[in-house]
Amino acid sequence: MSGFSAPGCGTLRAADVGRRVELYGWVARRRDHGGLIFCDLRDRSGRVQVTFNPATAPAAHATAEGLRAEYVVRVGGTVQRRPEGSENRALATGEVEVAAVELEVLSVSRTPPFPIDGEREPEESVRLRYRYLDLRRQRMQHILEVRHRVNRITRDYFDRLGFREVETPILTKATPEGARDFLVPSRLYPGRFYALPQSPQQMKQLLMVAGVQRYYQIARCLRDEDLRADRAAEFTQLDLECSFCDEEDIFEVIEGWIAELWREILGVEVARPWPRLSMSESLLRYGTDKPDLRCELEIADVGEAVARTEARVLRSALEAGGVARALAVPGGMDMSRRELAELEALARGAGGAGLTWLPGPLDRHLSLEEQARLQEAAGARPGDRLLLVADRKRRAERVMGLLRQEVARRRGLVKEGAWRFCWIYPMMLFEEDDQGNLTYGHHPFTRPMEQDLHLVEERPYEVRAHAYDFVCNGYELGSGSLRIHDRALQERVFEILGLEAETIRSRFGHLLEAFEYGVPPHGGIAPGLDRIVMLLCGTDNIRDVVAFPKTQSMQDLMMDAPSPVDPAQLRELHIQVAPEAVSGALPRP
RNA sequence: GGUCCCGUGGUGCAGCAUGGCCCAGCACGCGGCCCUGUCAAGGCCGAGAUCGCCGGUUCGAAUCCGGUCGGGACCGCCA
């Protein structure tokens, strides 16, 4: 018995009428009429109706009486046209049915914990606990297929462009900067640890030194940071790097790739070239580095308009060196006090000093002239409501960005069905961290723009970088840069970042040494495949596009990981667990 | 590290603000019987939850309070 070449249940059509077939699949539903029994048989290709007739196939019919949901069966029978009037147009196979002659139960099933074809999804924890059943659902099968096709199209595309797929290590070295590492204890070297890669960043640069010229990899990346709806601890990047390129080459390659994915999978032509938006412009107008351009709303700087205001809330923020930003909500005069209060709560939740609005509580503190200037600066039209935030720049931007998103969502201002790609470019080489210290914007290997090099020491925050993100509909899909390929410049950047000579040597010595042996100028990018599949599948949750995902708190509810390990295993690894940690054993999910 | 939402038979939901009318309601599913053209088959009958867990308030708690566990969304974090 081999069903390897059997036709898929969902593939049978009128053209197959008269064919003798053997089908393998799961019982999706059974309808027992006392005499005739109908059974919908399902596999990944779809479903088809099987009939068991006691008059013509008594043995099969008798067996069919015992069928239950999710039994795995083999059915032998003949494809026949359904009787006139009993076709089911909702089903791709609805013109035909299989008259069963033979039925063999290959595997029985307990009643599943949730219906496989239910229109409502069970709660996330139930889905994850029984992921193998969750994946049986048509929606999940579709996602698995899309993901497979994305991988295949991607490999074809980059192969055509002369890229070579190279694998890089999973056991590598810890890098204290950046995200938190996942560590792997070394058995042979007590007290030493490998780290799982946050990305193959340094490896791919070394591959450029190695003369690979064009590299790509569908690479797993692991970061031990807190999760979000679009962020998993382990995720997949299309990692790529090429030699002798500039950003225009990268843009062309990526736009072409995305266009091909969208065309092949959605049948959609993506408009090109994509617009470019500098980072500072994006932060000002959209309040985020990943703007959703499906919404026209724009944030305005209104610092000038209220520069000499008497209103305390605005004044104190401005005097402290902050900014004032406004968002004109079209027709927002109809916003209820309750709605405004909810937005205010959102602003506070994001750490903002507060939110005010016009018309609103601020009216009597602002002169009519100031109000007019504000309306003008914000581009407000009659009937609009102005949302106003005065705060430190970073916070004001973040709060405004969240407000813009929320207002757009509530008022239906997001153009559904649109695909709005853009490049965030250029970006700044350095940023200020929370403590006010200088840090890198993208990563420490990013190449400064040549014309700004003279500012590196004196006014580092003004140095632009050959760094870029690409964004679609509010999702950051990929991030990249041209890299420094000059040892002296790389060392200068490390020094500006405040790294000690010894730190530089121990962490990046191999890279700097490699840079002494002839380095091609190079650059690359790393698109997040999970998020791209999310967009292609119309889901807003990264767990949906991963076969076996973990929860937000990083547990695997199916495997029950992480788990305690045998003390002998720990001894072998020279690991001793702190006593207070041992008592905090995880509950069985 | 923090904020917020959710947890009621197998699944999805109602009940919770105004505690007693609830030893908890509905739909689906499940079990039995009937039924030869259904496809969310139909009809009849039936089983199944002490309301995540612990504690408190109260004459009385699914309902109020505290804690805890689990799931989710977000802020911080994510080169």
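Residues numbered from 1 in each chain as written. Chains lettered and ligands numbered in written order. Predicted model: local features only at pLDDT ≥ 70, side-chain atom pairs only at ≥ 80, totals over all residues. Heavy atoms only, no water.

## Section: the protein's contact with RNA strand B
The criterion, for reference: Here a residue is considered near a molecule or strand provided that any single heavy atom belonging to it is located within 4 Å of it. Two N or O atoms form a polar contact when they lie within 3.5 Å of each other; inside protein one atom must be a possible hydrogen donor and the other a possible acceptor, and for residues adjacent in sequence the pair counts only when both atoms belong to side chains. Comment: elements are numbered from the N terminus, with helices defined as DSSP H or I runs of at least four residues and strands as E runs of at least two. Under the scheme applied, nonpolar residues are Ala, Val, Leu, Ile, Met, Phe, Trp, Tyr, Cys and Pro; charged residues are Asp, Glu, Lys and Arg; polar residues are all the others, including Gly.
What surrounds RNA strand B is a group of 50 residues, the closest being Arg-29, Ser-86, Asp-434, Tyr-440 and His-442. A share of 53% of the atoms of RNA strand B within 4 Å of the protein falls on sugar and phosphate groups. Arg-82 has a polar side-chain atom sitting 2.6 Å from a base nitrogen of RNA strand B. At 2.6 Å, a backbone N or O of Glu-123 approaches a phosphate oxygen of RNA strand B. Those elements that provide at least two residues to the surface near RNA strand B are strand E1 (20-32) and helix H2 (124-129). Tallying contributions element by element places E1 first for the surface near RNA strand B, with 3 residues. Tallied by class, the residues present in the surface near RNA strand B amount to 12 nonpolar, 19 polar and 19 charged.

## Observations regarding helix H13 (residues 501-514)
Heads up, the rule is: Note that the bend at a residue is defined as the angle between axes fitted to the seven residues ending at it and the seven residues starting at it. Here the term buried applies to any residue with accessible area under 20% of the maximum for its type, exposed to any over 50%, and partly exposed to those in between, with areas from a 1.4 Å probe on protein chains only.
Approximately 80° is the largest bend angle found in H13, and it occurs at Phe-508. All of the buried residues in H13 are Thr-503, Ile-504, Phe-508, Leu-511, Leu-512 and Ala-514.

## Overview of the sheet that holds strand E14 (residues 356-358)
Threshold: The pairing criterion is simple: DSSP has to find at least two bridges between the two strands. Axis angles are defined between N-to-C directions and span 0 to 180 degrees, where every axis is a line fitted to C-alpha atoms and, for a helix, only to the segment in contact. Contacts were defined at the residue level, with two residues in contact if any of their heavy atoms lie within 4.5 Å.
As summarised here, the arrangement of the 4 strands in space is E12-E13-E15-E14, forming an open sheet in which the pairing is antiparallel. Taken across any chain shown, the strands that pair with only one partner, and hence form the sheet edges, are strand E12 (299-301) and E14. Across the sheet, the mean angle from the axis of one strand to that of its neighbour is 30°, orientation sign disregarded. Examined bridge by bridge, E12 and strand E13 (residues 323-329) share 3 bridges and lie antiparallel to one another. Directly across from Ile-299, in E13, lies its bridge partner Leu-327. Against the sheet, helix H8 (residues 312-319) touches E13 and strand E15 (385-391), its axis set at about 40° to E15.

## Details of empty space enclosed by the protein
Put simply, the test is: Detection works on a 1 Å grid of protein atoms alone, calling trapped sets that fit a 1.4 Å probe cavities and calling open sets with protein on both sides within 12 Å along at least five of seven lines pockets, with lining residues defined by an atom within 4 Å of a point. Grid points are joined across faces, edges and corners, and a volume is the space filled by probe spheres set on the points.
According to the stated counting rule, one finds 1 cavity of 30 Å³ or more in the structure shown. Estimates place the volume of the largest cavity at around 30 Å³. The wall of the largest cavity is formed by Leu-128, Arg-131, Phe-548, Pro-549, Asp-556, Leu-557 and Met-558.

## Re the confidence of the model for chain A
For clarity, the threshold we go by: For every residue, the predictor assigns a confidence score, pLDDT, that lies between 0 and 100.
Of the residues in chain A, 98% have a pLDDT of 70 or more, and the chain-wide mean is 92. With pLDDT under 50 throughout, residues 583-589 is counted as low confidence; its partners more than four residues away or in other chains account for 6 contacts. Across the interface, the model reports ipTM at 0.93; the global pTM reads 0.95.

## Some thoughts on the pairing of strand E9 (residues 214-222)
Burial runs high along E9: 7 of the 9 residues are buried. Note that strand E6 (residues 164-165) and E9 share 2 bridges and pair parallel. Across the sheet, residue Arg-164 finds its bridge partner in E9, namely Tyr-215. Alignment of E9 against strand E10 (residues 234-243), held across 9 bridges, turns out to be antiparallel. Following the sheet pairing, Leu-222 is matched in E10 by Glu-234.

## Details of a nonpolar patch on the surface
What counts here: Like-charged residues are merged into a patch within 9 Å and nonpolar side chains (Val, Leu, Ile, Met, Phe, Trp, Tyr) within 5 Å, provided each residue has over 30% relative accessible area and no salt bridge. With residues, only the protein chains shown are counted as cover, and all accessible areas are computed by Shrake-Rupley using a 1.4 Å probe. By definition, a salt bridge exists where a carboxyl oxygen of Asp or Glu is found within 4 Å of a side-chain nitrogen of Lys or Arg.
Among the surface-exposed residues, Ile-170, Leu-171, Leu-188, Tyr-189 and Tyr-194 lie close enough to one another that they form a single nonpolar patch of about 510 Å² accessible area. Locating Tyr-189 in the fold gives a position in the loop between strand E7 (183-185) and strand E8 (193-195). For Tyr-189, a relative accessible area of 48% puts it in the partly exposed group.

## Notes on the pattern of salt bridges
Tallied over the entire structure, the rule returns 60 salt bridges. In this structure, Arg-487 and Glu-516 form a salt bridge, with 2.1 Å as the shortest nitrogen-oxygen distance. With Arg-487 in helix H12 (residues 487-496) and Glu-516 in the loop between H13 and strand E23 (522-527), this pair connects stretches of sequence that are 29 residues apart.

## Describing the side chain of Ser-186
Residue placement: Ser-186 occurs in the loop between E7 and E8. Discounting chain neighbours no more than four positions away, the residues touching Ser-186 are Arg-192, Phe-193, Tyr-194, Leu-573 and His-574.

## A closer look at the nonpolar core
The following threshold applies: Only buried Ala, Val, Leu, Ile, Met, Phe, Trp, Tyr and Cys residues count toward a nonpolar core, and they belong to the same one when joined by side-chain atoms within 4.5 Å.
The biggest cluster of nonpolar side chains holds 47 residues, and the ones touching the most others in it are Phe-158, Ile-254, Trp-257, Ile-258, Trp-262, Trp-423 and Phe-470. Of all the secondary structure elements, the ones that give two or more residues to this core are helix H4 (138-160), E9, E10, helix H6 (247-266), strand E16 (421-424), strand E21 (467-472), strand E22 (475-482) and helix H14 (529-537). If you tally residues by element for this core, the top one is H6, at 9 residues. Ile-37, Cys-39, Leu-41 and Ala-60 belong to the second-largest nonpolar core, a separate cluster that totals 23 residues.

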